[in-house]
Every structure is written in C-alpha cells, then in structure tokens.
Amino acid sequence: MAASRNAPPRPGHTLLELVAATALLTITLVPALRIMRDTLTNSRKTETLGILTALCVDKLEQHLVLTGADWQETTATGSFASLGYPGYRYRVERSDELADGGIPNRLMAVTATAFDDQNSSGALDAAEPYVRFSTKVAQLRSYRNEAGN
Amino acid sequence: MKRATKRRALTLLELVTATALLATLVTAVAVLLRGAHAAWQGHDNDLARLEAAHATLRHLVRNIRQAQAVSAVSPAGDLSGALSIVMPSGQTYAWDHDDVAERVNFGITSASDLLAEEISELNFVGYRADGTTSTTAVEEIQSIDCQVTVELPRQAGGSRTVITRAWLRSW
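A. Expanded view of the overall build of chain A. A tally of regular secondary structure across chain A gives three helices and four strands. From first element to last, N terminus to C terminus, chain A shows the α and β order α-α-β-β-β-β-α. A compact globule built from 149 residues should have a C-alpha radius of gyration of about 15 Å, whereas chain A, at 31 Å, is more than 25% larger. With the C-alpha coordinates of chain A rotated into their principal frame, the extents come out at 110 × 30 × 25 Å. Residues classed as buried in chain A amount to 34% of the 149 residues present. The contacts in chain A between residues at least 6 apart in sequence include a share of 52% that link residues at least 24 apart. Of the roughly 8700 Å² of accessible surface on chain A, 57% is carried by carbon and sulfur atoms.

Spelled out as structure tokens, the structure:
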C-alpha cells in the first residue's frame, strides 16, 4: 500500500515522442539507401570498364594486323560513335623506337588506350576512366608478303 | 490515503492522427524501397546480358588468336552468324547463333552446347591479311570482327553492341 502510494506518476507517451521515434527509424533507412546507390554507381563503373576493355582489345588487334601488314609507325585517334558509344574514344600508338620499347625495323611496340571522354575534350584527362593495353609485334617478311606489301 | 497523480491517456484524436502519420510514413518508405529495388533489379538484368555478351566475345577472341585457319564463316550481313575455326590440335571449334532461342551455341566439330543466352545478334566479318579488305573466302581470312548484340530489358527497344577484332596469329 505504502509502495503504491509513493510511486512517482508515470506519464504516457506524447504524440511528439511517437513521431520522433518513427523519424529515428526512418533515418536508419538513409544509410541503407546510400549503400544501394553506391553499389549501383560501382556497378556502372564496372560496366563502363568492361565495354572499354572490349573496345581497347578491338583497337589493339586491328593495329597488330595493320602493323604486321605495313610496318608503319603511327598514332591513331578516334571515337566509337559508330558502335553506339559517342562518349568513348581511343588512341593507338605504334612505334619501333627504342625509347618506346621497340627495336627499329624489327620490333614494334603497340599501345591502345580506350577511354570515357567525360568532358568531351578529345583527350584522356585525369580521373576519366580508361583501359590501356600494350604489346609488341615482330616484323615478319612472310606476313608482309601475305598482306601484299 | 494520499491520492495518486492522475495519468492522462492518449485521446482518440491523438491515436488516429499518430496512426495516420505512421501509415503515411510507412507507405512513403515502401514506395522508396520499391523504386530502389526495381532500379537495382533492372540494372542487374542489364548487367547479366552485357556480361553474357562480353563472355561470348572473350571466348571467341581467345580461341581465334590461337587458331590456325578459318574453316567456315557466315556472310558479313548475317546477324545470326556462325563461325568454325581449325585449332592447332586439329579439332574444329564451332560457334552458331540460334536466333529463335536467342542463344549462342559452341562445340567441337559442331556447335551443340550452350555458350550464352539472351544474345539477340551475332555477326562475323572476315578480313584479309592487310586488315582492311573484307572477304568471305575462308583461306584468305586473317582477322575477324566479332560483333555481339544484346537487348536491354530496362530500356524499351534498347540494345547494346560490343565488338572486337581478333587476329589469327598463324598464316
């Protein structure tokens, strides 16, 4: 009897408390949604790099064939607009200079770069995603004969 | 006996208002989550098809680079193309696109096994040793453009094409 008499009054929850608790619950959803957004962004980056890889291999192989056929040092640039990728560009460098890793008239260094030209500058800028492959091909007279050169 | 302080309960109006607010909030959150989930699902489906296209290209290029010769190739305008190449082992590797099932089949001697699904187009163009003159004469083919197209379900009528040239290293 004495205990119940001395117990402090227990107030009920106010509407404000109820809404505040619900708002707190909602706030916990924000990080979850941010994680989902980040995952989507990373997934798109992976997709971009996958496409750039295929396009870079395309240019590298094309220029390996051309190098084998004509043995010309050159730098080629362009876009992949005809394939439906107007924002993606490439740069291929073929050099048999020692400084570039080649051997004059014997070994050609071929470097292909495919990149997402986000600022439409036509050149690869810092922070733009890119894929680069390099390889070397020897000069073979028999192949040049095969190509008619 | 001392009288306990009177505890005020929620009124019916407060209860109804709180329930309405809660219901609104839950609905808004559900809509938000459903939208995010749908976006993720659509992206995931697109990615799966793109990955199938890339996998097909990688498989083709890896084997063509090692091939000794081309033994059969479909015409350049055929968007449901087929290709057969002779490997150093003497075996013939064959790829064939099934435009009804929208899949690419692969096999030794004949294309009998599933390689990739959801591929809407597969096209091959052969080139002579100069790398610029296209040809359908198999004995002249020294490099091949392999083009794979997939439909993206997220975009109505949207498709994505990936292409790679592959050079036969032997002649």
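Anyway, onward from the coordinates.
B. Broad picture of the interface of chain A and chain B. Taken residue by residue, the interface counts 39 residues in chain A and 41 residues in chain B. At the junction of chain A and chain B, the tally comes to three salt bridges. For Arg65(B), the salt bridge goes to Glu61(A), with nearest N and O atoms at 2.9 Å. The tally of links from chain A across to chain B stands at eleven residue pairs in polar contact (both at pLDDT 80 or more). Counting only elements with at least two residues in the side of chain A that touches chain B, the list comes to α2 (15-70) and α3 (141-146) of chain A. If one sorts the elements of the side of chain A that touches chain B by residue count, α2(A) sits on top with 25 residues.

C. Spotlight on the state of the cysteines. A full pass over the atoms with the stated rule returns zero disulfides over all chains. With no disulfide of its own, Cys146(B) lies closest to Cys56(A) among cysteine sulfurs, the gap being 16 Å. Accessibility expressed as a relative area gives 0% for Cys146(B), which makes it buried.

D. Structural detail: the sheet that holds strand β7 (residues 143-151) of chain B. Sheet architecture is open: three strands sit in the order β6-β7-β8 (chain B), paired in antiparallel fashion. For this open sheet the edge positions go to β6 (121-127) and β8 (159-167) of chain B, each flanked by a neighbour on one side alone. In this sheet, adjacent strand axes meet at a mean angle of 15 degrees when their direction is disregarded. Pairing between β7(B) and β8(B): nine bridges, direction antiparallel. Residue pairing across strands places Val148(B) opposite Val162(B), the latter belonging to β8(B). On the sheet, α2(A) packs against β7 and β8 of chain B and is oriented at approximately 35 degrees with respect to β8(B).

E. Looking closely at the pattern of salt bridges. All names here are of chain B. Here the structure, examined in full by the defined rule, presents ten salt bridges over all chains. Among the ionic pairs, Glu140 bridges to Arg128, the shortest N-O distance being 4.0 Å. Here the residue Glu140 occupies a position in the loop between β6 and β7, and Arg128 occupies one in the loop between β6 and β7, the gap between them amounting to twelve residues. Given the relative accessible area of 36%, Arg128 is considered partly exposed.

Conventions and cut-offs
Residues numbered from 1 in each chain as written. Chains lettered and ligands numbered in written order. Predicted model: local features only at pLDDT ≥ 70, side-chain atom pairs only at ≥ 80, totals over all residues. Heavy atoms only, no water. Helix = DSSP H or I, 4+ residues; strand = E, 2+ residues; numbered from the N terminus. Rg over C-alpha atoms; globule rule 2.2 N^0.38 Å. Buried < 20%, exposed > 50% of the residue type's maximum accessible area, 1.4 Å probe, protein only. Contact = heavy atoms within 4.5 Å. Areas by Shrake-Rupley, 256 points an atom, 1.4 Å probe, with all protein chains shown as cover. Salt bridge = Lys/Arg side-chain N within 4 Å of Asp/Glu carboxyl O. Polar contact = N/O pair within 3.5 Å; in protein donor to acceptor, adjacent residues only side chain to side chain. Disulfide = S-S within 2.5 Å. Pairing = 2+ DSSP bridges. Axes fitted to C-alpha atoms, helices over the stretch in contact; angles between N-to-C directions.

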